[in-house]
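Survey of secondary and tertiary structure
Letter by letter, the chains look like this.
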Amino acid sequence: MKALVLAGGSGSRLRPITHTSPKQLLPVANKPILFYGLEALRDAGIREAGIIVGDTATAIQAAVGDGDAFGLDVTYIRQKAPLGLAHAVLIAREYLGDDDFVMYLGDNFIVGGITPLVDEFRLNRPDAQIMLTQVPDPRQFGVAELNEAGEGASLVEKPQEPKSHLALVGVYIFTAAVHEAVKHLTPSWRNELEVTEAIQWMIDNDRKVLSTTITGYWKDTGNVADMLEVNRLVLEGVDSRVDGTVDEASELIGRVIIEAGAELTASRIVGPVIIGNGSRITGSYVGPFTSVAQDCVISDSELEYSILLRGASVRGVRRIEASLIGHHVEVTPSPRVPKAHRLILGDHSKVQISS
């Protein structure tokens, strides 16, 4: 069995950060979200992975390399434009051959990995196996309606009037039968080849499609709120470790990771928190569910339930929470006089100001 990992999306809902960083490489608990998926594939016994890349191919390849660090043999497949999940299957036809394969969306996070799903597929070996989960608003997802046997009866991509609350999770397993289905597709109203339509074709043509409804945690980390939520979840499972420098005037409470090269001076850290190597925390409070990446600076500030990317600095700011702060961003107090807001913001930014 091979893997087909999709890492070519633009991450429009995470702009402006994704103008310069692929969304799949944004970190939770200081590790890129894509890495969790690659590790899940390895843990499921998969050793060969084709990664679909687009405009951010250089950054993805630099981060993942040949895959050896993950126990994988990685091949990169270039997608010239984001033309749909089924289009990724189409352009990977030569790489996939007639092998069974897992298709994994590189910005998805599933607690506990995918080993049970892969084992179930190997036991029953249907033509397609899909993962489903209950969501409050299914209009943003592919939606499934099941028959009495628990098999797929109908699948619709992002319906305006969903017939169920069962959304497709970003993991699919196929035999080579899917290639015939993909050949019959035409572009949808979104001008994409939809994987939901490929699976529907398989259902309509008496191919065996099974589903597994998961009750555990799954997130599509496509927006800031979901990134912060996944970061919280991962940090809840960390064990304390102090490899950096913590002075006597500092206090660590709960599960806190201080990586080698990090320095804490006269600061209070309430976990779960991770402080990356080379970061300096001085006279500050860092509260629960916060990830501080490498080479950051926090001084005379308060920070909670947030993610700081590499090289960011927060100085003299009374309180920051529920924030995603990009690479090498500088956050400082505004001048007291004159009373005005001075902003330098990238395209598609969102700012909340207390006036």
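This text goes with the structure placed above it.
Reference entry: report on the structure contained in this document. (Residues numbered from 1 in each chain as written. Predicted model: local features only at pLDDT ≥ 70, side-chain atom pairs only at ≥ 80, totals over all residues. Heavy atoms only, no water.)

Brief notes about the packing of aromatic side chains
This is how the line gets drawn: The criterion for an aromatic pair is that two Phe, Tyr or Trp rings (for Trp, the six-membered ring) have centres within 6.5 Å, with stacked assigned to planes under 30 degrees apart, edge-to-face to planes over 60 apart and tilted to the rest. Exposed residues in this analysis have more than 50% of their type's maximum accessible area, buried residues have under 20%, and partly exposed residues fall in between, with area computed by a 1.4 Å probe over protein chains only. Consider the ring centre and the ring normal. A charge sits over the ring if Lys NZ or Arg CZ is within 6 Å of that centre and within 35 degrees of that normal.
As enumerated under the stated definition, the model contains five aromatic pairs in all. Measuring from ring centre to ring centre gives 6.2 Å for Tyr-172 and Phe-174, while their planes differ by 5 degrees; the resulting arrangement is stacked. Phe-174 carries the same exposure label as Tyr-172, and that label is buried. Each member of the aromatic cluster is reached from another via a ring pair, and the members are Phe-101, Tyr-172 and Phe-174. Against the face of Tyr-36 rests Lys-31, its NZ or CZ located 4.3 Å from the ring centre. Sitting above the plane of the Phe-289 ring, Arg-232 keeps its charged end 6.0 Å from the centroid.

As for helix H5 (residues 115-124)
To be explicit about the condition: For helices the rule is a DSSP run of H or I covering at least 4 residues; for strands it is a run of E covering at least 2, with both sets numbered from the N terminus onward. By construction, the arc corresponds to the directions joining the helix axis to the C-beta atoms. Two residues form a contact once any of their heavy atoms are found within 4.5 Å.
All of the buried residues along H5 are Leu-117, Val-118 and Phe-121. Buried residues in H5, looked at end-on, bunch into an arc of 95 degrees, giving them a common side. Structural note: H5 exposes Pro-116 and Leu-123 on the side pointing more than 90 degrees away from its buried face. Tucked inside the fold, the buried residues of H5 contact strand E6 (101-105), strand E8 (128-134), strand E11 (166-174) and strand E12 (209-213). Phi turns positive one or two residues past the end of H5, at Arg-125, with a value near 40 degrees.

A closer look at the environment of Ile-114
Examined against the element boundaries, Ile-114 turns out to sit in the loop between strand E7 (108-110) and H5. On the basis of relative accessibility, which here comes to 1%, the residue Ile-114 falls in the buried class. On a C-alpha basis, the gap between Ile-114 and Gly-37 in space is 9.0 Å, while along the polypeptide they are 77 residues apart. Apart from residues no more than four positions distant in its own chain, Ile-114 is found in contact with Ala-40, Leu-41, Ala-44, Val-102, Tyr-104 and Val-171.

Topic: helix H2 (residues 57-64)
Turning to H2, its buried residues are Ala-57, Ile-60 and Val-64. Down the axis of H2, the smallest arc covering the buried residues is 65 degrees, so these residues share one side. Residues of H2 that are exposed and point over 90 degrees away from its buried face: Thr-58 and Ala-62. Looking at the packing, one finds that the buried side of H2 touches strand E1 (2-7), helix H1 (33-43), strand E4 (48-53) and strand E5 (73-78).

Things to note about the pairing of E8
Along a regular strand, successive side chains alternate from one face of the sheet to the other. Formally: Pairing between strands requires that DSSP locate at least two bridges from one strand to the other.
By the criterion of burial, E8 is predominantly enclosed, with six of the seven residues buried. Here E8 pairs with E11 via six bridges, running antiparallel. The residue of E11 that forms the bridge with Ile-130 is Tyr-172. With five bridges connecting them, E8 and E12 associate as parallel partners. By the bridge assignment for E12, Ile-130 is matched with Ser-211.

Considerations on the packing of H1 against H2
The packing of two helices is summarised by the inter-axis angle and the distance between the axes. Here is the rule: Axis definition: a line fitted to C-alpha atoms, limited for helices to the stretch in contact. Angles are taken between N-to-C directions and run from 0 to 180 degrees. Any angle that is under 35 degrees is reported as roughly parallel, and any over 145 degrees as roughly antiparallel; angles of 65 to 115 degrees are reported as roughly perpendicular and all others as oblique. Should the near helix be turned anticlockwise from the far one by less than a right angle, the crossing is left-handed, and should it be turned clockwise, the crossing is right-handed.
Orientation of H1 relative to H2, taken along the N-to-C sense of each, is 55 degrees, at an axis distance of 11 Å. As the angle between them shows, H1 and H2 are arranged oblique. Note that H1 runs across H2; the crossing there is right-handed. Residue-level inspection shows Leu-34, Phe-35 and Leu-38 of H1 in contact with H2, the latter providing Ile-60, Ala-63 and Val-64.

Side note on the sheet that holds strand E30 (residues 330-331)
The parallel open sheet is built from six strands, whose spatial order is E15-E18-E21-E24-E27-E30. Where the open sheet ends on each side, the last strands, each with one partner, are strand E15 (245-246) and E30. Both strand E27 (residues 313-315) and E30 contribute to a ladder of two bridges, which runs parallel. In the strand pairing of E30, Ser-313 is matched with Glu-330.

Regarding the nonpolar core
Applied cut-off: Among buried residues, those of type Ala, Val, Leu, Ile, Met, Phe, Trp, Tyr and Cys that are joined through side-chain atoms within 4.5 Å constitute a nonpolar core.
Judged by nonpolar contacts, the single largest core of 35 residues is most densely connected at Leu-4, Phe-101, Met-103, Tyr-172, Phe-174, Ile-199 and Met-202. Taken together, the elements giving at least two residues each to this core come down to E1, helix H3 (85-91), helix H4 (93-96), E6, E8, E11, helix H6 (177-183) and helix H7 (195-204). Residue contributions to this core peak at six residues, all from H7. For Met-103, the residues in contact, after removing those within four places along its chain, are Leu-4, Leu-6, Leu-85, Val-89, Gly-170, Val-171, Tyr-172, Phe-174 and Val-195.

Comments concerning unusual backbone geometry
Following Gly-271, the chain continues to Pro-272 via a peptide bond in cis, the omega torsion being 10 degrees. Checked against the element boundaries, Pro-272 lands in the loop between strand E19 (268-270) and strand E20 (273-275). The backbone phi angle of Phe-289 is positive, close to 65 degrees, even though this residue is not glycine. Examined against the element boundaries, Phe-289 turns out to sit in the loop between strand E22 (285-286) and strand E23 (290-292). The phi angle at Asp-300 is positive, at roughly 50 degrees, despite the residue not being glycine. By the element assignment, Asp-300 lies in the loop between strand E24 (297-299) and strand E25 (302-304). According to the relative accessible area criterion, Asp-300 is exposed, its value standing at 56%.

The values reported here are purely geometric and, on their own, carry no functional implication.
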